[in-house]
Amino acid sequence: MTNPQSAGPHDGVLVVVGSGIRLYREYLLAGAAAEHPLWLFDSGEPTWQKPYLTGFTQVDTSNPQALVDAARELRRSRPVDGVFCFSEALVEPAAAVADALSLPGMSAEAVRNCRDKGRTRELLAAAGVGQPSSVAVSSLAEAAEAADAIGYPVVLKPRGLAGSLGVVFVSCAEELAGAYREAAAPSYPGVPVFTASVLVEEYVDGPEISVDGLFADGAYQPLALARKRVALPPYFEEEGHLVDPRDPLLSSEELTAFLADVHRLLGAADAITHTELKLTDSGPRLIEVNARLGGGLIPYLGALSNGIDPGRVAARAALGRPVVPTTDGRGRAAAIHFAYPDEDCTVDRVRLPRPGEVPGLHQAAALVEPGDVLRLPPRGYISRYAYAICVADTVEECEASLARAREAIGLEHRPAPALDADAAPELVWSRTTPGAADRTAAGAEDTR
């Protein structure tokens with residue numbers, strides 16, 4: 001189903017593959033629309049997306065050939081100037097469109113090099129890039145052999161997922177069997193399943209960061225650098241991120257050169273990527289490269305911090321235009337906290353800070369509705385019930401505001417229903433509870 005909305009038939013468009021959840025992604029669509037007319041390819045008809053679109057095509061976004069066919073059909077009526085995708089599950093199908101129509105951006109092969117974490121490890125290991133030792137396994141016996149060879153502690157993780165789903169810290173051999181079951185269990189629609197689906201990796205200690213940036217013309221340009229907080233050990237649920245435009249790592253020649261080497265070896269050029277690293281005494285160690293902008297509202301924190309519009313610069317990259325990001329000179333620290341329940345539960349009500357209650361609070365929003373069920377790992381992942389974003393002149397002021405916001409967020413709940421012993425883990429981010437994806441908290445600023 002194709003529906004033109006505005007702009008002339010001869011105007012070129014930037015095809016956006018998938019749009020995601022409004023609370024997490026509207027700001028990217030708005031930024032891209034400020035750069036170029038947008039045409040959405042999505043599995044359902046647009047609702048909140050409509051103000052940003054020239055038109056849309058309803059198509060199975062998980063099917064590369066269906067996307068290619070839709071793009072060729074669209075090109076019969078107007079120029080298709082590029083493809084833009086910020087959904088982890090859809091970056092490979094989107095890359096198939098770019099390759100088939102010879103459009104700018106990262107090649108399908110480079111996207112596969114990033115999406116398949118086992119492939120990433122193999123390519124970088126051959127070049128001696130700093131990263132954890134890693135072995136792809138297809139059974140518990142292979143996992144035990146790999147863990148013994150690497151040496152405990154180790155980390156087990158799904159080979160093709162993101163968002164820390166199924167990532168487990170394993171301190172000793174006695175914990176391995178349970179951890180293997182947990183790492184092998186999660187799945188996500190549209191994401192490939194590999195024969196050797198679990199990676200056994202060396203545990204690398206140190207602070208964790210992420211960098212959203214662009215590799216082009218042989219040089220890497222960071223746009224936003226975030227310090228990550230994780231919670232719920234032995235799992236690695238992302239509890240929050242902090243972006244500081246004065247972070248000394250932004251001017252680290254060692255880090256920039258490392259990121260350039262990684263992207264060059266993966267072929268990950270001419271598109272904004274999200275790279276996660278650990279900082280060790282021996283230098284940076286790569287965790288993963290994602291062929292898209294970061295999630296968890298990290299690029300939005302970057303925009304609040306340095307004024308760079310991530311949707312707009314990513315659209316420019318997708319169109320093959322020079323990316324010269326300009327800041328607005330604000331230079332403020334921005335941070336987000338994600339609230340998780342203390343136990344598996346059914347949501348009754350989420351309490352949020354009132355406007356003016358917390359100095360420095362930029363936004364607070366509920367991520368669930370009454371009746372939603374939240375389960376903690378390994379029974380569920382990304383079970384966040386709310387978030388708060390704070391902005392301040394200094395990191396210290398920002399963290400103090402975030403601590404107050406965290407205290408003001410609350411959850412009223414009752415016990416969760418019993419769960420089948422062999423039930424698959426629940427992913428809160430994949431649920432389609434009516435209204436939950438589009439809701440913002442009363443009185444809070446809109447993310448766009």
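What counts and what doesn't
Residues numbered from 1 in each chain as written. Predicted model: local features only at pLDDT ≥ 70, side-chain atom pairs only at ≥ 80, totals over all residues. Heavy atoms only, no water. Pairing = 2+ DSSP bridges. Helix = DSSP H or I, 4+ residues; strand = E, 2+ residues; numbered from the N terminus. Axes fitted to C-alpha atoms, helices over the stretch in contact; angles between N-to-C directions. Contact = heavy atoms within 4.5 Å. Buried < 20%, exposed > 50% of the residue type's maximum accessible area, 1.4 Å probe, protein only. Disulfide = S-S within 2.5 Å. Salt bridge = Lys/Arg side-chain N within 4 Å of Asp/Glu carboxyl O. Phe/Tyr/Trp six-rings, centres within 6.5 Å; stacked < 30°, edge-to-face > 60°.

### Focus: the sheet that holds strand S8 (residues 168–170)
For step 1, the next point in the chain: With antiparallel pairing, the four strands of this open sheet are ordered in space as S6-S9-S7-S8. At either end of the open sheet lies a strand with only one pairing partner, and these are strand S6 (134–137) and S8. Averaged over neighbouring strand pairs, the angle between their axes works out to 25° when direction is ignored.
For step 2, the next point in the chain: Relative to S8, strand S7 (residues 154–158) runs antiparallel, the two sharing three bridges. Residue pairing across strands places Leu 156 opposite Val 168, the latter belonging to S8.
For step 3, the next point in the chain: Here helix H7 (residues 176–184) sits on the sheet in contact with S6, S7, S8 and strand S9 (198–202), set at roughly 25° to S7.

### Considerations on the pairing of strand S17 (residues 361–366)
For step 1, the next point in the chain: For S17, the tally of buried residues reaches five of six residues, placing the bulk of the element in the interior.
For step 2, the next point in the chain: Where S17 meets strand S20 (residues 386–392), five bridges bridge the pair, whose relative direction is antiparallel. Along S20, the bridge assignment pairs Ala 364 with Ala 388.

### Remarks on the state of the cysteines
For step 1, the next point in the chain: Under the counting rule described, the total for this entry stands at zero disulfides.
For step 2, the next point in the chain: A disulfide-free cysteine, Cys 390 has its sulfur positioned 6.0 Å from the sulfur of Cys 398, the nearest such atom.

### A look at the pattern of salt bridges
For step 1, the next point in the chain: Applying the stated criterion across every chain yields a total of 25 salt bridges.
For step 2, the next point in the chain: Ionic pairing is found between Asp 261 and Arg 264, a salt bridge with its closest N-O pair at 3.2 Å. Highlighted residues: Asp 261 and Arg 264, both in helix H8 (residues 253–266), separated by three residues, approximately one helical turn.
For step 3, the next point in the chain: Under the relative-accessibility criterion, Arg 264 is labelled partly exposed at 48%.

### Topic: helix H4 (residues 108–115)
For step 1, the next point in the chain: Counting buried residues in H4 gives six out of eight residues, a clear majority hidden from the surface.
For step 2, the next point in the chain: Turning to H4, its buried residues are Ala 108, Ala 110, Val 111, Asn 113, Cys 114 and Arg 115.
For step 3, the next point in the chain: Looking at the buried residues of H4, the elements they touch are helix H3 (91–100), helix H5 (117–126), H8 and strand S14 (283–290).

### Here's the deal with the packing of aromatic side chains
For step 1, the next point in the chain: If you walk through the whole model with that rule in mind, you get six aromatic pairs.
For step 2, the next point in the chain: Relative to Tyr 300, the ring of Tyr 27 lies with its centre 5.1 Å away and its plane at 55°, an arrangement referred to as tilted. Pair noted here: Tyr 27 is in helix H1 (residues 22–35) and Tyr 300 is in helix H9 (residues 298–306), with a separation of 273 residues, a long-range link.
For step 3, the next point in the chain: Every member of this aromatic cluster is reached through a ring pair, and the members are Tyr 24, Phe 338 and Tyr 387.

### So, the sheet that holds strand S15 (residues 333–339)
Two orientations exist for strands paired in a sheet by backbone hydrogen bonds: parallel and antiparallel.
For step 1, the next point in the chain: The strand order across the open sheet formed by eight strands is S14-S13-S10-S11-S12-S15-S20-S17, and the pairing between neighbours is antiparallel. At either margin of the open sheet sits one strand with a lone partner, and together these are S14 and S17. When the angles between neighbouring strand axes are averaged without regard to direction, this sheet yields 25°.
For step 2, the next point in the chain: Its contacts with the sheet place H8 against strand S10 (208–216), strand S11 (219–231), strand S13 (272–280) and S14, and it is angled at close to 40° to S14.

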